[in-house]
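Close look at the chain arrangement
Listed below are the residues making up each chain.
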Amino acid sequence: MEAVDILVRSLSKAVPINGQMLQYHGRSDRHSKIACWGILFDLLRTSSVLRSHVESGKVVFGLNHLLRSFSPDKGKKLDLVLCRPEADKPRPKRPKTLEALAAKYGIDLTPEQQATLDALPIIYEAPVGNVLVALEAKACMTEHVKALPRLYDELNSSHQIVHGHSSQTLAVGFFMVNASETFQSPTNKGKINSHKQPHVLQRTIADISNLPRRSHHTDQGFDGFGIVVVDMVNDGSDCKLVTTPPAPQTSDVLHYEKMLQRVAHEYDARFSMI
């Protein structure tokens, strides 16, 4: 699975954010966009059913889509959705594609990943019809304990609104958490924040792991959820993937590969006949 490798390599490079050259900014959604891009890339690689739907034009994507639940009547913008195209609305004259978004987001692909992308069917952005998969990505890079209640509530409301919209839609969550002992905060004039590690990392993973997950469409919770741990100081040095505990291990249901495999399987089983 390539998304995690793409994420850490892309975040290792500074890009213009709010007038500064930065790797990460809490008020920017760059990290979420890169994560969702990588998940879609991996889903296309993993699910032959999704590839066939994309090839035939049955499935497109939407960005920052405002999804409203039927009950309760609430709305939330989702980072990325896979959906049927809205029949009554024409596709934009110059629709975005996965490859175009890679250039726009500054996504760093290896030659092998670029070759894989070139070989995949082209998926287009288009007006959103029936939503099949809804992705929400969040990150906790500093001030972990302070940020936890907000992040938990935002993620929890995501699957509630997705399934309030339709119990058939797959709600997918992705969470990145920082294991570094320090972090250079761009929102506080470059102040260096210190983290009590591994305590705050362990607490963050434990709390986020308690988000509800579902195994049947009548249950409440995410259909797929993955946690990735990185070591990132945000000072220009490389962002590194952390694979040692308490990061989810390959046998853990919250490991990224387990999440990806589950979502691909659920997509194939639920939407093969659309």
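A brief structural summary. This one's a predicted model, so the numbers in the text were calculated from it and none came from an experiment. (Residues numbered from 1 in each chain as written. Predicted model: local features only at pLDDT ≥ 70, side-chain atom pairs only at ≥ 80, totals over all residues. Heavy atoms only, no water.)

Focus on the sheet that holds strand 6 (residues 170-178)
Whenever strands of a sheet pair, they do so through backbone hydrogen bonds, lying parallel or antiparallel. Note the following rule: The pairing criterion for strands is at least two bridges between them, as found by DSSP. Working definition: helices are DSSP H or I runs of at least four residues, strands are E runs of at least two. Numbering for both runs from the N terminus. Axis definition: a line fit to C-alpha positions, over the contact stretch in the case of helices; interaxial angles, taken between N-to-C directions, run 0 to 180 degrees. When checking whether two residues touch, look at their non-hydrogen atoms; a contact exists if any pair is within 4.5 Å.
With mixed pairing, the six strands of this open sheet are ordered in space as 3-4-5-6-9-10. The outermost strands of the open sheet, each flanked by one partner alone, are strand 3 (60-68) and strand 10 (240-242). Between one strand and the next, the sheet's axes are offset by a mean angle of 35°, whatever the strand orientation. The pairing of strand 5 (residues 128-140) with strand 6 spans eight bridges and is parallel. Paired with Ala 134 across the two strands is Ala 171, which belongs to strand 6. In the packing of helix 6 (residues 144-165) onto the sheet, the strands contacted are strand 3, strand 4 (75-85), strand 5, strand 6 and strand 9 (224-231), and the crossing angle to strand 5 comes to about 170°. Contacts from helix 8 (residues 256-271) reach strand 5, strand 6 and strand 9 within the one sheet, and its direction differs from that of strand 6 by about 170°.

Quick notes on the pattern of salt bridges
What counts here: Only one rule defines a salt bridge in this text: a Lys or Arg side-chain nitrogen within 4 Å of an Asp or Glu carboxyl oxygen. Throughout this description, buried means an accessible area under 20% of the type-specific maximum (1.4 Å probe, protein chains only), exposed means over 50%, and partly exposed covers the range between.
What the rule picks out here adds up to 14 salt bridges. Lys 33 serves as the salt-bridge partner of Asp 29, at 3.3 Å between the closest nitrogen and oxygen. Classification of Lys 33 as partly exposed rests on a relative accessible area of 27%. Linking Lys 138 and Glu 136 is a salt bridge whose minimum nitrogen-to-oxygen distance equals 3.7 Å. Residue classification places Glu 136 among the buried positions, given a relative accessible area of 3%. In this structure, a network of salt bridges that share partners links the residues Lys 76, Glu 136, Lys 138, Arg 150 and Glu 154.

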